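# Report on the structure
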Amino acid sequence: MSRLLSIVRDDVRALAAYHVPDASGLVKLDAMENPYQLPPELQRQLGERLGAVALNRYPVPSYAGLKAAIRHHMAIPAGFDVILGNGSDELIAIVSTACAKPGAKVLAPVPGFVMYAMSAQLAGMDYIGVPLRADFSLDREAMLAVIRAQRPAITYLAYPNNPTGNLFDLDDMLAIIREVGDTGLVIVDEAYQPFAGTSFLPQLPHHPNVVLMRTVSKLGLAGIRLGYMSASNELLAEFDKVRPPYNVNVLTEAAVEFVLEHASVIDAQAEAICAERSQLLQSLAELPEVECFPSAANFVLLRIQRPGLTGTDVFQRLLQHRVLVKNVGKMHTLLEDCLRVTVSTPQENAVFMSALHSSLMS
Ligand SMILES: *Cc1c(COP(=O)(O)O)cnc(C)c1O
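If you're wondering where the values come from, they're calculated on a predicted model, not measured in any experiment.

## Quick notes on the layout of surface pockets
To find leftover empty space, a probe the size of one water molecule is rolled over the atoms. By volume, the largest pocket is sized at about 1400 Å³. As for the largest pocket, its lining consists of 47 residues, of which Tyr18, Phe113, Val114, Lys326 and Arg340 are closest to the centre. Top contributing element to the lining of the largest pocket by residue count: helix H6 (residues 114-122), with six residues. Residues that form the lining of the largest pocket fall into these classes: 28 nonpolar, nine polar and ten charged.

## What about the site of the ligand?
What surrounds the ligand is a group of 13 residues, the closest being Asp189, Tyr192, Thr215, Ser217 and Lys218. Within the side chain of asparagine 162, an N or O atom sits 2.8 Å from an oxygen atom of the ligand. Relative to its unbound accessible area of 390 Å², the ligand is 94% covered by the protein chains. Of the pockets mapped on this structure, the ligand occupies the largest pocket. Its residues assigned to classes, the shell around the ligand comprises four nonpolar, five polar and four charged.

## Regarding the domain arrangement of the chain
One frequent convention defines the size of an interface as the accessible area lost when the parts assemble. Taken domain by domain, the chain holds domain 1 (2-39 + 264-361) and domain 2 (57-261). In this complex, domain 1 contributes 30 residues to the contact, which on the side of domain 2 involves 30 residues. Surface buried jointly by domain 1 and domain 2 totals about 2400 Å² across both partners, of which 71% is contributed by carbon and sulfur atoms. Broken down residue by residue, the surface that domain 1 buries against domain 2 is led by Ile266, Ala296 and Leu334, which jointly contribute 23%. The interface formed by domain 1 and domain 2 includes eight residue pairs in polar contact (both at pLDDT 80 or more). Counting residues per element, the ones that place at least two in the side of domain 1 that touches domain 2 are helix H2 (10-13), helix H11 (263-285) and strand E10 (299-304). The element that contributes the greatest number of residues to the side of domain 1 that touches domain 2 is H11, accounting for seven residues. Classifying every residue of the side of domain 1 that touches domain 2 gives 20 nonpolar, five polar and five charged.

Reading the values: the criteria
- Residues numbered from 1 in each chain as written.
- Predicted model: local features only at pLDDT ≥ 70, side-chain atom pairs only at ≥ 80, totals over all residues.
- Heavy atoms only, no water.
- 1 Å grid on protein atoms, 1.4 Å probe; cavity = no way out; pocket = protein on both sides within 12 Å on 5 of 7 lines; lining within 4 Å.
- Points joined across faces, edges and corners; volume = space filled by probe spheres on them.
- Helix = DSSP H or I, 4+ residues; strand = E, 2+ residues; numbered from the N terminus.
- Nonpolar A, V, L, I, M, F, W, Y, C, P; charged D, E, K, R; others polar.
- Near = heavy atom within 4 Å.
- Polar contact = N/O pair within 3.5 Å; in protein donor to acceptor, adjacent residues only side chain to side chain.
- Areas by Shrake-Rupley, 256 points an atom, 1.4 Å probe, with all protein chains shown as cover.
- Sits in = over half its atoms within 2 Å of the grid points.
- Domains from an automatic or database assignment.
- Contact = heavy atoms within 4.5 Å.
- Buried area = accessible area lost by both parts, 1.4 Å probe.

Spelled out as structure tokens, the structure:
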């Protein structure tokens, strides 16, 4: 067997598998899922719609109807198209594969989204992580210096950032985009845009090196796996050659079309989550043992700051109260004793707050 396994790349064998904890029986606040489903009447209509889909046929690879719906919903500027992925994870992999020339580099601020580094490695690219400042803002000078010295083919900016939840300063982002110029791409990842109240989209036509990426995952559709990205047509045409032709399945296609026809429902859910986020931040601000960071996403990042009590202690105590959050304390030194918590329904947030109270006391 070991001879057989030696066929697999050494760096792949050295990887730890992406770990997803078992959440059965737990209040699940670890993965930025929208807690709301579609209302029953829409569920019924969706069932009918999906039942009629021609499962015997391959998808039509142009995905014209779905792309038109997305361009409309997203208000994509005239002259810009989108391409679709099986989640943004696949789009990140597609861009990496397309740009993975020998020696090509990938740059991202850290702590950041784990898939950027993962995808770079799997594509054989060198990954450079530049630490954020202690307040999680971009270290503009450090980023610019790396760009000048290393000329990364891809630079990621998550707007807002995961796991810190903040929006980067637009001037910092523009300085980075200008410095990259025509020597690389800047991927602006707006996975959390529905909760951010702002977008980089209006800037897109002014920056031919920018790729804007979004997903329906945080909007209540994490299970159907759809991401999309927009950029100049010339770039999209190249990425499209790397995309597996039938990468988005017909059920996902039909489901997203249906949900976008009822966009007011998911928009209202996002609004409710934003209101709950304010509530949650207010309650957390009253706890002296907790440092809480501003959030433009559907999660909050907090730091346990009671002497003798670590983030991991609190994480485990929360689990004993059947609440699952994400322990990000070991991800990066800037996140020491930090936990990341999805904003959920008023009921689940109350369960979390009460579990947190108990966990801080004992
Ligand atoms: C959650 C998340 C995504 C979403 O990936 P999908 O594959 O579309 O579910 C992308 N980028 C960031 C920064 C995220 O946090």
